[in-house]
Amino acid sequence: MSKPTSPQASPPRALRWAVAGSVVVMIAAGGLFYYASKMAAAKRQHNRDEVVVNIHDHSCEPNALTVPAGRASFRIVNRSDRAVEWEILDGVLVIEERENIAPGLSQVINANLQPGDYAITCGLLSNPRGTLHVTPTAASDAAAKAKPSMVAFVGPLSEFRVYLASQGSALIKAVTALNQAIASGDLAQAQALYLPARAAYQRLAPAAQRLGELDNGINARADYFEKREQDPGFVGFHRLEYALFQQRNLEGLAPVAQRLLDDVTSLKQQLLAQSLPPEQLVSIVVRNLNTLADVRAASGEEERYSHSDLNGFAANQQTAHKVVDLLRPLLSKSAAELLPKIDRALADFDTTLNGFKVKDGYASYDTVNGEQRKQIADKAQALADALDAIDPALGLSGL
Amino acid sequence: MKKTPLALLLTLGLLNTPLSVFAATAPLDLVGPVSDYKIYVTEQLDELASHTQQFTDAVKKGDLATAQKLYAPTRVYYESIEPIAELFSDLDASIDSRVDDHEKGVKAEDFTGFHRIEYSLFSEKTTQGLDALADGLDKDVKDLQTRVAGLTFPPEKVVGGAAALLEEVAATKISGEEDRYSHTDLYDFQGNIDGAKKIVDLFRPQIEKQDKAFVAKVDKNFATVDKILAKYKTKDGGFETYDKVKDNDRKALVGPVNTLAEDLSTLRGKLGLN
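Residues numbered from 1 in each chain as written. Chains lettered and ligands numbered in written order. Predicted model: local features only at pLDDT ≥ 70, side-chain atom pairs only at ≥ 80, totals over all residues. Heavy atoms only, no water.

Per an unreviewed UniProt entry, the recorded name for chain B is Iron uptake system protein EfeO, and the organism is Pseudomonas koreensis.

### A closer look at the overall build of chain B
Looking only at helices and strands, chain B features 14 helices and zero strands. Listing the helices and strands of chain B from first to last along the sequence gives α-α-α-α-α-α-α-α-α-α-α-α-α-α. A principal-axis box enclosing the C-alpha atoms of chain B has dimensions of 90 × 40 × 35 Å. Within the span of chain B, comprising 274 residues, buried residues form 51% of the whole. Taking the intrachain contacts of chain B between residues at least 6 apart in sequence as the baseline, contacts between residues at least 24 apart amount to 73%. For chain B, the exposed surface amounts to about 12,400 Å²; the carbon and sulfur share of it is 56%. With 35 positive and 46 negative side-chain charges, chain B shows a spacing of 5 Å between the two charge centroids. (Helix = DSSP H or I, 4+ residues; strand = E, 2+ residues; numbered from the N terminus. Buried < 20%, exposed > 50% of the residue type's maximum accessible area, 1.4 Å probe, protein only. Contact = heavy atoms within 4.5 Å. Areas by Shrake-Rupley, 256 points an atom, 1.4 Å probe, with all protein chains shown as cover. Lys, Arg positive; Asp, Glu negative; His and termini not counted. Charge placed at Lys NZ, Arg CZ, Asp CG, Glu CD.)

### Section: the overall build of chain A
Each helix and strand in chain A was counted, giving 12 helices and 11 strands. Pairs at least 24 residues apart make up 68% of the contacts formed inside chain A by residues separated by at least 6 positions.

### Regarding unusual backbone geometry
Residue and element names in this part refer to chain A. That bond from E61 to P62 is cis: its omega, -5 degrees, falls within 30 degrees of zero. Locating P62 in the fold gives a position in the loop between β2 (60–61) and β3 (64–68). At R248, a residue that is not glycine, the phi angle is positive and equals roughly 50 degrees. The residue R248 is located in the loop between α6 (237–247) and α7 (254–273) in this model. Residues other than glycine seldom take positive phi values, yet H307 does so here, at roughly 55 degrees. The residue H307 is located in the loop between α8 (278–299) and α9 (309–334) in this model.

### With respect to the state of the cysteines
Residues and elements named next belong to chain A. Inspection of the entire model under this criterion finds one disulfide over all chains. Each disulfide pairs two cysteine sulfurs, and for C60 the partner residue is C122, the sulfurs being separated by 1.3 Å. Residue C60 is located in strand β2, and its partner C122 is located in strand β8 (residues 116–122); the two are separated by 62 residues in the primary sequence. The two residues C60 and C122 agree in class, both being buried. (Disulfide = S-S within 2.5 Å.)

### Regarding the sheet that holds strand β7 (residues 106–113) of chain A
Residues and elements named next belong to chain A. Taken together, four strands build an open sheet; the order of strands is β2-β1-β4-β7 and the sheet is mixed. The sheet is open, and its two borders are formed by β2 and β7, each paired with just one other strand. The sheet contact formed by strand β4 (residues 70–78) and β7 spans eight bridges and is antiparallel. Among the inter-strand pairings, R75 is bridged to a residue of β7, identified as V108. (Pairing = 2+ DSSP bridges.)

### Brief notes about the UniProt feature "domain: Imelysin-like" (unreviewed entry) in chain B
UniProt's feature table lists "domain: Imelysin-like" (unreviewed entry) at residues 35–266 of chain B, given in the numbering used throughout. As annotated, residues 35–266 of chain B comprises 72% helix and 0% strand, and the C-alpha atoms at either end are separated by 21 Å. (UniProt positions renumbered as here; feature names shortened; annotations may be inferred.)

### Let's talk about the interface of chain A and chain B
Counting residues at the interface gives 29 residues for chain A, matched by 38 residues for chain B. Of the roughly 2,800 Å² buried at the junction of chain A and chain B (both faces included), carbon and sulfur atoms supply 57%. For the interface between chain A and chain B, the tally reads three salt bridges. Residue R161 of chain A is joined to D36 of chain B by a salt bridge in which the shortest nitrogen-to-oxygen separation is 3.0 Å. Scanning the region where chain A abuts chain B turns up 11 residue pairs in polar contact (both at pLDDT 80 or more). (Buried area = accessible area lost by both parts, 1.4 Å probe. Salt bridge = Lys/Arg side-chain N within 4 Å of Asp/Glu carboxyl O. Polar contact = N/O pair within 3.5 Å; in protein donor to acceptor, adjacent residues only side chain to side chain.)

### Quick word on the layout of surface pockets
Empty space among the atoms becomes apparent when a probe as large as a water molecule is rolled across them. There is about 720 Å³ of room inside the second largest pocket. Lining the second largest pocket we find 26 residues, and of these E96, E97 and R98 of chain A together with A164 and E167 of chain B sit closest to its centre. Counting residues per element, the lining of the second largest pocket draws most heavily on helix α9 (residues 155–173) of chain B, at nine residues. Class assignment for the residues of the lining of the second largest pocket results in nine nonpolar, seven polar and 10 charged. (1 Å grid on protein atoms, 1.4 Å probe; cavity = no way out; pocket = protein on both sides within 12 Å on 5 of 7 lines; lining within 4 Å. Points joined across faces, edges and corners; volume = space filled by probe spheres on them. Nonpolar A, V, L, I, M, F, W, Y, C, P; charged D, E, K, R; others polar.)

### Topic: the nonpolar core
Judged by nonpolar contacts, the single largest core of 172 residues is most densely connected at I376 and L387 of chain A together with F55, F189 and F203 of chain B. Other than its neighbours up to four places away in sequence, F203 of chain B contacts L30, P33, V34, V158, V159 and L271 of chain B. (Core = buried A, V, L, I, M, F, W, Y, C linked by side-chain atoms within 4.5 Å.)

### Observations regarding the packing of helix α4 (residues 64–80) of chain B against helix α10 (residues 185–202) of chain B
All names here are of chain B. Taken N-terminus to C-terminus, the directions of α4 and α10 make an angle of 30 degrees; their axes are 8 Å apart at the nearest point. Judged by the angle between their axes, α4 and α10 are roughly parallel. As for the relative orientation of α4 and α10, their crossing is right-handed in sense. Only Y187, D188, G191, N192 and G195 of α10 make contact with α4, whose side of the interface consists of A72, P73, R75, V76, E79 and S80. The residue makeup of the contact of α4 with α10, split by class, is four nonpolar, four polar and three charged. (Axes fitted to C-alpha atoms, helices over the stretch in contact; angles between N-to-C directions. Parallel < 35°, antiparallel > 145°, perpendicular 65-115°, else oblique. Left-handed = near helix turned anticlockwise from the far one by under 90°.)

### Some points on the pattern of salt bridges
In this structure the tally under the stated criterion is 36 salt bridges over all chains. We note a salt bridge from D325 of chain A to R328 of chain A, for which the minimum N-O separation is 3.8 Å. Remark: R328 of chain A and D325 of chain A occur in helix α9; sequence separation between them is three residues, near one turn of the helix. Looking at D325 of chain A, the relative accessible area reads 46%, which means it is partly exposed. K374 of chain A is the salt-bridge partner of D378 of chain A, the closest N and O atoms lying 3.0 Å from each other. Taken as a pair, D378 of chain A and K374 of chain A lie in helix α11 (residues 370–388) at a separation of four residues, close to a single helical turn. Beyond isolated ion pairs, a larger network of salt bridges with shared partners links R75, E79, D96, E168, K173, E178, D179 and D188 of chain B.

Put into structure tokens, the structure is as follows:
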């Protein structure tokens, strides 16, 4: 009986050796892997910029971080038992974040940080917020003083294009309503709807003035035509204004109103198709305010039949506000010294215009006397001058 | 020939300029797409606000069936613009946080928004006690509209948004954990994909100028994902529940989704926004 067992005993012995051998290899491999990952971890730890943050069940460790300005890497290690997120917040706004960091794993977040104090969302929403203090460096101080790069203007210019799109739509809507009132022969309604349509146009006027011919069709005054009001070439807003407020007669006006609707529709398209160079964002507003200060405020010629000039000035001013708001982050960074003067000039002009507010709009311009008109012109001029300093301060003049 | 110091300086300057500068996208070329993206986000938010209103009306009326039906088609507008929506951390938490984000789970006081309502509608099958949550969701969505209107979109967040959306898909959609009570994950999935595709489409001319082959590869992977998702479309324009998605399809989605996430993460660099 022993004979048959012997050849059978041999394979298990070989197998045992093989198993033992593979166990040794596995341990060795495991050891090597452990060693390699230790080395890798050590290397990561030594990575100059890398800050290791451990997320525990109820808090982060460390919870208060201080790093120098510029590029920083954070290795977030999730030591809690659920998938969590880690975010750098400026107020409520997320600067950088990583969501769904799985339990037991780590992820690296790279951030380019400006000096300042930030908050950290650390795992569960009920966990205490961490703090991140970013200290200025020689490089960040230098960068703060440097002129902004072209990339820095992409945000403001994009936002201005969005503004043109939404105001363009508002203009089309307002002119459509005006058109309908004229078509239905409702003079009082047409007079009332002239004002919001003009305001919508005046918010676009600084940009629209770049499109000479089209803008003439929309906004030219009778003076530009040989036969003035009687000239067949006299169309656009002021032709409607003449009929609505001077002639008080809607006869034959429908084609003029339709032409205006067509023109403002292509105005929106063309404004969006044109690219606006950064140096013109401010200069078109300055030019618009200059015409206000030099001509329109004193003469009241722009809305000579309806005397609704103040309605238009206030709309021009809204666009000036918009442009300053869009450039404010760049100005605070590179030309902060200009801001108090600009803000004061904006507020002064606001105050002046607000002084003429009546129940549902502005005072009729024929009740505004010469002294008051001069004050309007002066405030508009002061604002234009304050804004004129922006382009050179942002390194945009002479481009 | 003797060179003037100025000419020498210019030559040295040119030699020192990295080649990539010559091929880079002019920053001002990004103004069109970035602003068009804001217009897109604004439109999506308008849809989100009006759909949320209808959804919360159904919840408050106690119309469980309608509320359940409107849940997924409402959320999809949030999912498509998530890169911008989640910039506002407080609103993202109150509108879209999942139960995992809250220590005390479903009963946590601060667990609000879509997923809290989803839990009641699909897990508890009730609209009871949801009035305040419904009103809160409405208010938060309107607040989001206002804040987005006032936000100058950071170009690098817009361009980076394409990859962020695909990472979102990879992390939470394929696993089916986003809509764990309703299993309507495929709506969100499609919303994320559409939002990412929109970004690629808007910047297509600029990306193509840099790398035509890249665009072709990205398009191909989007098409693969869309084709798999389309298998689960229902007649009413919606999607089957996620538990119906076959294992081989889940697996087939992983490859293209991860490749897209990886590829799209290079967009910022390609457009000179790193």
